[in-house]
Amino acid sequence: MTDTITPPAAPAAEPASRRDRIRRPYRAGHASRGWVVGRTALLVVGAVVTLFPFYAMVVLSFKPTGPVTFPDSLLPWPFSPEAYDQVIGAKSVLRWMWNTVVYSVVSVVGVLLFASMAGYAFAKKRFPGKETMFWSFLAMLMVPYHVTMIPTFIIISELNGVDTYWGMIVPTLANAQAVFLMRQFIASLPDSLFEAARLDGCSEWRVYVSIVLPLIKPILATLGVFVFLWHWNDFLWPLIVGQSLDMRTLTTGIASLQQENVALNMLLAGSVVAFVPIFMAYLIGQRHFQEGVSTTGIKG
Amino acid sequence: MVALPGSRGRRVRRPSAREAGTALLFVLPFLLLFAVFRFGPAIAGVVLGFTDYTIGGETGFVGLENFRRLVDDPTFWSALRVTAVFTVLSVPLSMLASLGMAMLTRRAFRGAKLFRSIFFLPVVTSLVLAGVVFTWVFAEGGPWSRAMGAIGLPAGSWLADSVLVIPALVLVSVWSRFGYGMLILLARMQDIPAELEEAALTDGASAWQRFRYVTLPQLRPALFFVAIIETTVSFQVFDMIYVMTGGGPVRSSYSLVYLLYDQGFKYFDLGYASAVGVALFVMTIIVALIQRLTLGREE
């Protein structure tokens, strides 16, 4: 049976004789055996070091409450989901999860909507003050977030927005980096696509909804994934603007549990609960995460 | 000089009022948000540094008072030192790890993608969660202290040691950031023309020589970019310190942003906190200029 199977893409060239193979110089892209072994060893060590904290997080979260000493604690047994019962039952983790979902999802929708509208106008339209506005956006990217955070907090607290969803979300919609990426992407689309629709008598809003939005799906996906990530993991802003127990996000909530000296297994169970959604998003949208960084340099 | 793409290759004509009007409507929502929550606050953030603003109190201009206080405040100098030492250690180490892993996963071999995905996973992980786990990793009798003890290095809790706490935090930072730089460098590596390396090979260059004289010079702009991003990130270190050490022991891991947070949101001395913000801003600009003059000089 086996001898009937031939590799489909067998090279037509004659196999190189032994002497040829030895003589042939090492070519870029063709790896020597020693290099492959060394590379694999280094990569495996790197991967183990990288993954170890995740392993520890999961394994230790399934320990019964009580002292477990290293290294025995790294074994998967004794196994007990009691920390999950406690952290989900007695603590506000589900409420924090909901807050985090609202904060992240509403922000993604808002950022994508406003940034794509503005990006479209900056890329394809002419209006007075365009360049001034654009350069002021650029200049503001230089200012560290922490400088603007204090006045933003003052504004939000004057408007009674502390401990509200809108107070948390609205300031994050002013994302200039998103407008840049949108403008850059839309500028690369040929004008003719929009002109045709316009000649057919479509309103500008119509052109935006039925022509621009479908064409910019790739950048919407990339940017959406990152805006979600930034908000899901955001810490300092939710920490200052969502102070009450009920308005914490997963990150600020878990940090507060830690300051209450909650048992390690509960702390880690909470961490796993907070990590699973972003991990799933990463598994599904991995391509967007990685290509987003490679093609736009967007900050992870 | 600045050719905005919309105006390229068209007849030069003034936009009609109607065209400009609809365009402005598209920009308006973002413009308002930006004016209120970025542009305004950026200016206000600097101005506040010259006031004694506190929530619910009287506010007045105090000139350079906050900055004078800053200069006299040993906590500020110690926070500055902590931030600087942390940055000086974590940026090069993280870039070295990025470069190494990018070189190792550069070729399309089986499993290359899996390794890249694994190395990027910490980048998408919250530093709060990482901080919780690493607190355990660095605890006395935990994996790190056992491993260090085994090779004859200090075996107590590094997080409780006023000197070793910074290296411990640096390690967490490298773990969490190197995957980002790796992807940036990999993207650049794919663009290096294969002929360059082939030519070097024909000339008998060794693997090290090819890396040193072909790959590395080509990566210069990408390395510059990563250096800027990582420096900015390091200057603003806060989340993991908040979780892992609370700035301790005795302020030995108390960073600038931690000082800003405490002053602004614990003591509600927002004027002084803004002055710390201005100092951070100035530092960021200075370092960006230095990096531009050294690393990025050939651009």
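Enquirer: Let's hear about the overall build of chain A: which residues, and what values?
Expert: In terms of helices and strands, chain A carries 14 helices and 0 strands. Across chain A, helices and strands are ordered from the amino to the carboxyl terminus as α-α-α-α-α-α-α-α-α-α-α-α-α-α. For chain A, the proportion of its 300 residues judged to be buried stands at 40%. Within chain A, contacts between residues separated by at least 24 positions form 72% of all contacts whose residues are at least 6 apart in sequence.

Enquirer: Describe the environment of B:Glu140, and please don't skip the residues or the numbers.
Expert: Residues and elements named next belong to chain B. Among the structural elements, Glu140 can be located in the loop between helix 5 (127-138) and helix 6 (143-150). Between the C-alpha atoms of Glu140 and Ala155, which are 15 residues apart in sequence, the distance is 7.5 Å. Aside from chain neighbours lying at most four places away, what touches Glu140 is Ser145, Gly156 and Ser157.

Enquirer: Could you give an account of the nonpolar core, naming the residues involved and the relevant values?
Expert: Residues A:Ala118, B:Phe30, B:Leu169 and B:Val276 are the most contacted members of the largest nonpolar core, which totals 161 residues. No other element matches helix 7 (residues 165-191) of chain B, which puts 15 residues into this core. Leave out the neighbours within four places in its chain, and B:Leu169 touches B:Phe86, B:Met240, B:Ile241, B:Met244 and B:Ser253.

Enquirer: Give a detailed account of the interface of chain B and chain A, specifying residues and quantitative values.
Expert: Put simply, an interface is often sized by how much accessible area is lost when its parts join up. Each partner contributes residues to the interface: chain B has 87 residues there, and chain A has 80 residues. At 23 residues, the largest contribution of residues to the side of chain B that touches chain A is made by helix 1 (residues 17-48) of chain B. Among the residues forming the side of chain B that touches chain A, the class breakdown is 64 nonpolar, 15 polar and 8 charged.

Enquirer: Tell me about unusual backbone geometry, residues and numbers included.
Expert: Following B:Gly248, the chain continues to B:Pro249 via a peptide bond in cis, the omega torsion being -10°. Positive phi is not limited to glycine here, since A:Asn160 has a value of about 55°. Of note, A:Asn160 is situated in the loop between helix 6 (145-158) and helix 7 (165-169). We note that A:Asp163 has phi near 65°; this positive angle belongs to a residue other than glycine. Among the structural elements, A:Asp163 can be located in the loop between helix 6 and helix 7.

Enquirer: For the packing of helix 6 of chain A against helix 12 (residues 270-294) of chain B, give the residues involved together with the corresponding values.
Expert: Interhelical geometry of helix 6 of chain A versus helix 12 of chain B gives an angle of 155° and a closest axis separation of 8 Å. One finds that helix 6 of chain A runs roughly antiparallel with respect to helix 12 of chain B. On the side of helix 6 of chain A, the interface is formed by A:His146, A:Val147, A:Ile150 and A:Ile154, while helix 12 of chain B contributes B:Leu270, B:Ala273, B:Ser274, B:Gly277, B:Val278, B:Leu280 and B:Phe281. Looking at side-chain class alone, the contact of helix 6 of chain A with helix 12 of chain B contains 8 nonpolar, 3 polar and no charged residues.

Definitions and cut-offs
- Residues numbered from 1 in each chain as written.
- Chains lettered and ligands numbered in written order.
- Predicted model: local features only at pLDDT ≥ 70, side-chain atom pairs only at ≥ 80, totals over all residues.
- Helix = DSSP H or I, 4+ residues; strand = E, 2+ residues; numbered from the N terminus.
- Buried ≥ 20, exposed ≤ 12 C-beta atoms within 10 Å, placed from the backbone.
- Contact = placed C-beta atoms within 7 Å.
- Core = buried A, V, L, I, M, F, W, Y, C linked by C-beta atoms within 7 Å.
- Nonpolar A, V, L, I, M, F, W, Y, C, P; charged D, E, K, R; others polar.
- Axes fitted to C-alpha atoms, helices over the stretch in contact; angles between N-to-C directions.
- Parallel < 35°, antiparallel > 145°, perpendicular 65-115°, else oblique.

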